[in-house]
Amino acid sequence: MLRLQTFRAEFRPTLRLALPLVLAELGWMSMAIVDTMMVGRLPNSATAMGAVSLGSNIFIVLALFGGGLLMGLDTLVSQAFGAGKREDCHRSLLNSIYLSIGLAPFLAAPVWLLPSLLSGMHVDPSVLELAIPYTKALSVGLLPLLLYFAVRRCLQAMNMVRPVAFALVSANIVNALGNYALVYGHFGIRAMGTVGSGWSTAIARTYMASVLVGYLLWYDRKNRTELLKTPVDIDLPRIRRLITLGLPAAIQFTLESGVFALATTLIARLGAVPLASHQIALNTVALTYMVPLGVASAAAVRVGQAVGRGTPRAAGDAGSTAIFLGAAFMTAAGVVLLTVPRWIARAYTPDEAVIRSTIHLLAAGAAFQLFDGIQTVATGALRGTGDTRTPMFCHFTAYWIIGLPLGAWLCFSRGWGAFGLWAGLSLALILIGIVLLFAWRRTVRRLLLAQQAG
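All figures in this text were calculated on a predicted structure; none of them were measured in a lab.

## Looking at the overall build of the protein
Within the protein one finds 17 helices and zero strands. For the protein, the C-alpha radius of gyration of 21 Å lies close to 22 Å, the compact-globule estimate for 454 residues. Based on the C-alpha atoms only, the size of the protein along its principal axes is roughly 65 × 50 × 35 Å. Considering the protein as a whole, with its 454 residues, one finds that 59% of them fall into the buried category. Long-range contacts, defined as pairs at least 24 residues apart, comprise 84% of the intrachain contacts of the protein with a sequence gap of at least 6. Total accessible area computed for the protein in this model is approximately 18,200 Å², and 67% of it derives from carbon and sulfur atoms. Looking at charge distribution, the protein has the averaged site of its 35 positive side-chain charges lying 6 Å from that of its 18 negative ones.

Have a look at this one:
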C-alpha cells in the first residue's frame, strides 16, 4: 500500500522528472494529430484521414519495435548512473547508436512490401492509393527516429529531461509548418496532399534527432563529461545485453501497436467513414496515453536508479507513486471522453457521419482509461527493475488471445462494426492493468526479501 507520507516524499521528484517527459510524449503524439487534422480539411476528408490512419499505424508498429529494442537503455543507463558510473552510460549510448543504424534497413524493408501485403486484405482502394506513398514518406525519417529514441533514453536516465521536451515541442512547430506548406501548397511549394503530410513528419523527426545530438555534444563540452573519449569499438556483449533487455519490450510494444494496426486494417474493410472515426478515437486515446507513458519513463528511471543504489524500498515507493499518478490522470481523462465526445470529434472534421461514429468509439475508450494508466506506468516501473518479460507475456495473452478475437467476432459476426473491435480491446486493457498491478507488488516484495536475505 502507498502511504500518504511516502506519496508526499515521492510526489515532487517524480513529477519533476515526469513533466518534461510527458511533454515530450504529448509532442510525439501531436505530430500524428496534426497530420490527421491537416488532411481532414482536404476535399476527400474521410479517405485522406483513413489513409493517414492506415499508414501511420503500420509505420508505428515498425518504429516502436525499434524503439522498444532500445528500452534496455532505461535499465542499463539508469542503474549505471545510480551507481555513479558515467563512462558506462556513455558506452551504452554509443552501442545503442550502432544498434539503431543496423536496425533501420530491416525495419524500413516491410514498407516497400505494403502494396502486396494490403492488396489481399480488401482495403478500400481509394484509401490504399493514398496510404502507400504516405507510409513510404514516413519511412525516410525512420533512422533519425531511432537515433532520437537512443539519445533520448540515455539523457532521461541521467536526469536530463528538459532537452527532450524542447526537441519534441519545437519539432511539432516544424511539422505544423511543413504540413501547411506541403499538404496545401504554400511558400512556393506545390500542393502534395496526403503524401506531403508524411514528408513533413519525416523532416520533423530528423530535426528532433539533430537537436538531442547537438545538446549532448554541447553538454559534454561544457561539463567535460568525456563523452567523446568513449571507446568507439563495438561492444558486442553490451549490445547483446541491450537486446536481451529490450527485445521483450520491443515485442510488447509491437504486440500493443500491432493489435491496433490490425484493428485499423480490419476496420478499413468497413469503409472510409468507420476508418476515419476509428482514427479520430485512436488519436484521442493515444494522446491521453502519452501522459502515463511519460510518467512510466520517469518511473523506469527512478526505480532503476534506486536499484542501482541498492535501496529496494525507495524503488518500490517510486514505482507505486508513479502508478498512482498515472491512474489518477487517466481517470480524469475517461470522464472527459464521456462528457465531450462531440467536441473532440468536431476538432478533426465537420463530417457529421464521422462525428456520430466517433462518439461511440470514444465511449469504449473511456472504459479502459484507468486500467491503461495503471498498466503503462507499471510496465515502466517493472522495466526499471530489469523485468521486461512479464508485460510482454501479459500483452500477448490479453490482446491477441482474448481481446482481438473477441473484438473481431463482435465486429463482423455480431454486426457491431468498429465498436465491437474497440469493446474487445477495452476488455484486454482492463485485464492487463489488473495483472500488471499485482506483478509490480510481487516484484517489490521480492526486492525487499532479497535485501533482507543479503
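So much for the structure itself; the text now carries on.
## Things to note about the nonpolar core
The biggest cluster of nonpolar side chains holds 136 residues, and the ones touching the most others in it are Trp28, Leu145, Tyr148, Met208, Tyr399 and Trp422. For this core, the element with the most residues is helix 11 (residues 272-309), which contributes 18 residues. Non-local contacts of Leu145, meaning those with residues more than four positions away in its chain, are made with Trp28, Phe59, Ala63, Arg205 and Met208.

## Comments concerning the side chain of Ser197
Along the chain, Ser197 turns up in helix 9 (residues 194-223). Reaching out from Ser197, the side chain makes a polar contact with the side chain of Asn179 at a distance of 2.8 Å. Setting aside residues no more than four positions away along its own chain, Ser197 makes contact with Asp35, Val39, Tyr134, Asn179 and Val183.

## Section: the packing of aromatic side chains
Enumeration over the complete set of coordinates arrives at seven aromatic pairs. Between Tyr180 and Phe187, the aromatic rings sit 5.8 Å apart at their centres with planes inclined by 65°, giving edge-to-face as the arrangement. Judged by its relative accessible area of 36%, Tyr180 is partly exposed. Every member of this aromatic cluster is reached through a ring pair, and the members are Tyr215, Trp218 and Tyr219. For Arg269, the ring lying beneath its charged end belongs to Phe412, and the centroid distance is 5.5 Å.

Scoring rules and cut-offs
- Residues numbered from 1 in each chain as written.
- Predicted model: local features only at pLDDT ≥ 70, side-chain atom pairs only at ≥ 80, totals over all residues.
- Heavy atoms only, no water.
- Helix = DSSP H or I, 4+ residues; strand = E, 2+ residues; numbered from the N terminus.
- Rg over C-alpha atoms; globule rule 2.2 N^0.38 Å.
- Buried < 20%, exposed > 50% of the residue type's maximum accessible area, 1.4 Å probe, protein only.
- Contact = heavy atoms within 4.5 Å.
- Areas by Shrake-Rupley, 256 points an atom, 1.4 Å probe, with all protein chains shown as cover.
- Lys, Arg positive; Asp, Glu negative; His and termini not counted.
- Charge placed at Lys NZ, Arg CZ, Asp CG, Glu CD.
- Core = buried A, V, L, I, M, F, W, Y, C linked by side-chain atoms within 4.5 Å.
- Polar contact = N/O pair within 3.5 Å; in protein donor to acceptor, adjacent residues only side chain to side chain.
- Phe/Tyr/Trp six-rings, centres within 6.5 Å; stacked < 30°, edge-to-face > 60°.
- Lys NZ or Arg CZ within 6 Å of the ring centre and 35° of its normal.

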